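# Working through the structure, step by step
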Amino acid sequence: MDTTAGMTMSAARPAGRRRQPRPLPVLAALCGLALLAGCGGDPPSVLNPAGTGAARVANLWWLLFWISLAVVAEVMALLIWALVFRRGNVRVRHGQPLRFVAIAGAGLPFVILVAVYGVGLRDLAALAVDPDPDAPTVEVTGHKWWWEVRYPGASGATANEIHIPVGERVKVRLRTDDVLHSFWVPQLMPKTDLIAGETRETWLRAERAGRYRGQCAEYCGTQHAHMAFLVVAEPRTDFDAWLTRLNAPARQPRTEAERRGQQAFVQGTCAACHAVRGTGAQGQVGPDLSNVGSRWSLGAGAVPNDAGHLGGWIVNSQTVKPGNAMPPQPVGAAALPDLITYLRSLD
C-alpha cells in the first residue's frame, strides 16, 4: 500500500519540474562571490583620501551611507513591528495612515534629499575653485594608452608619472591626443574627462607624502585597463630637485656596456619614436625615455620596470600590451643586453 501511494505521488509530480534551490546556499554563494570580487591587492580607494578634494568626496559618501543605513533600519523596524506587535484586530482612526505616509513617505525624504543636494552643491563649488595663479602647473596629454607629462618652462617630459609638492595645490591642464580619456586619482581628486579639441583643468593637492595611483576612467580601447599613472607627492625641496633633473640632459653612459647601448638606441629604430635628452634621439611619437630607468612601471602599469620585462617590451611589446603603437623591434641578441643596461641607467 505504501508502494502504491509512493507511485501515485510520483506520477502526480510534473515531469519537467525541478526542485527549487534553497535560498540559504544561494545567499551564501552570492556573499562568497562578493567577497572574492573585493580581492585585488591594495587598490586606491576614495574612502582613504590623502587630499582635500578626495576628502570631500569621501565625506559625501559617508553621509549617504549613514542616511541609507538609517532608512534601512527604520524600514526593518516598521516591518518587525507590523509582523510581531500589530497582530489581531486593531482599529485605526480615520486619516492616521494618510498622515503617516505624508510625513514618513514624502515629507522626510524631501527634507533629506534637499539637504544632501545642498551639501553636494557646496562640495562641487569647492572642487571647482581654481588654484592660485602662481601655483605649479602640470600639462598632461592622454594617448592610447599612456600619459605624457610636461611642466611649463621645463625642456623635458616624462610619462605616466606626475610629481607634485606636498601641501600645495597644483593646476593640471588636460587634453587628449586621440579618443576620450578620463583623468582620475581616487585618493586625491574626482575624475575629469578629456574631450578632443578641448583643454580641461583640474587640480591636485596631497596632504601627505606618498605615491598615489591614478587611472583612465573612460573606456578608450582594448588596453584601457593598462592606462595607469602614478602621482608622487614629495616635499618641496625634493620636487624642485626632480624638476631640475627634468630640465637637464639625460645621464651619460659610464660603462662600455652603457655606451654600446646608447649607440644601439640612437642609431637604431628606437630614436625614430623616442627622445633622450642630450642625444641625437629626438623622436616625438612615443614617450620620452630620458628617465625611464626610474619609472614605476612599463606600458603605463602593464608590467613592472625590471630588466626581464624591459627586454620583452623592446623585442615585441605586443606580447606584453597587445594593440599598443610600438611594433616589434629588430634588435639583435648581442645588442639587446647593452640596450637594456643603457635604458635602466637613465634615471
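The structure presented is a predicted model; accordingly, all values stated were derived computationally and were not measured.

Let's shift gears to the overall build of the protein. Scanning the protein from N- to C-terminus turns up eight helices and 12 strands. Considering the protein as a whole, with its 347 residues, one finds that 35% of them fall into the buried category. The long-range fraction of contacts in the protein, counting pairs at least 24 apart against all pairs at least 6 apart in sequence, stands at 63%. Accessible area of the protein: about 20700 Å², with a carbon and sulfur share of 62%.

Residue Trp145 is bonded to the preceding Lys144 through a cis peptide linkage, with omega at 0 degrees. Topologically, Trp145 is positioned in the loop between β1 (137-143) and β2 (146-150). Unusually for a residue other than glycine, Asn160 sits at a positive phi of about 60 degrees. Residue classification places Asn160 among the buried residues on the basis of a relative accessible area of 9%. Backbone geometry at Ala300 places phi at a positive 60 degrees, although glycine is not the residue there. Counting through the fold element by element, Ala300 comes out in the loop between β11 (297-298) and β12 (303-304).

Read from one edge to the other, the open sheet built from five strands follows the order β3-β2-β1-β5-β8, with strand pairing classed as mixed. Here the strands that pair on one side only, and so sit at the sheet edges, are β3 (157-159) and β8 (200-204). Taken pair by pair, the neighbouring strands of this sheet meet at an average axis angle of 30 degrees, ignoring direction. Pairing between β1 and β2: five bridges, direction antiparallel. Looking at β2, one finds that Gly142 is bridged to Trp147.

On to the pattern of salt bridges. Summed over all chains, the structure comprises 11 salt bridges. Among the salt bridges present, the one from Glu148 reaches Arg150, with a minimum N-O distance of 2.7 Å. What you see here is one network of salt bridges that share partners, running through Arg56, Arg122 and Asp123.

This prediction gives the protein a mean pLDDT of 86; 84% of its residues lie at or above 70. Below a pLDDT of 50 lies the segment residues 1-15, which in the model reaches zero contacts outside its immediate sequence neighbourhood of four places, other chains included.

In this section: the pairing of strand β5 (residues 170-176). Burial analysis of β5 places five of its seven residues in the buried class, the great majority of the element. Sheet topology places β1 next to β5; six bridges connect them, and they run parallel. The residue bridging Val140 from the neighbouring strand is Leu174, located in β5. The pairing of β5 with β8 spans five bridges and is antiparallel. Bridge pairing links Leu174 to Arg200 in β8.

Turning our eyes to something else, we now look at the sheet that holds strand β9 (residues 210-216). Ordered in space as β4-β10-β9-β6-β7, the five strands form an open sheet in which the pairing is mixed. Here the strands that pair on one side only, and so sit at the sheet edges, are β4 (161-165) and β7 (189-194). Sheet twist, expressed as the mean angle between neighbouring strand axes with direction ignored, is 20 degrees. As paired elements, strand β6 (residues 181-185) and β7 share four bridges and run antiparallel to each other.

Before going further, it helps to spend a moment on the packing of helix α6 (residues 256-267) against helix α8 (residues 336-345). The geometry of α6 relative to α8 is characterised by a closest axis approach of 7 Å and an angle of 95 degrees between their N-to-C directions. In terms of their interaxial angle, α6 and α8 are classed as roughly perpendicular. Between α6 and α8, the residues in contact are Ala257, Glu258, Arg260, Gly261, Gln262 and Phe265 and Asp338, Leu339, Thr341, Tyr342, Leu343 and Ser345, respectively. Tallied by class, residues from the contact of α6 with α8 come to five nonpolar, four polar and three charged.

Rules and cut-offs
Residues numbered from 1 in each chain as written. Predicted model: local features only at pLDDT ≥ 70, side-chain atom pairs only at ≥ 80, totals over all residues. Heavy atoms only, no water. Helix = DSSP H or I, 4+ residues; strand = E, 2+ residues; numbered from the N terminus. Buried < 20%, exposed > 50% of the residue type's maximum accessible area, 1.4 Å probe, protein only. Contact = heavy atoms within 4.5 Å. Areas by Shrake-Rupley, 256 points an atom, 1.4 Å probe, with all protein chains shown as cover. Pairing = 2+ DSSP bridges. Axes fitted to C-alpha atoms, helices over the stretch in contact; angles between N-to-C directions. Salt bridge = Lys/Arg side-chain N within 4 Å of Asp/Glu carboxyl O. pLDDT = per-residue confidence, 0-100. Parallel < 35°, antiparallel > 145°, perpendicular 65-115°, else oblique. Nonpolar A, V, L, I, M, F, W, Y, C, P; charged D, E, K, R; others polar.

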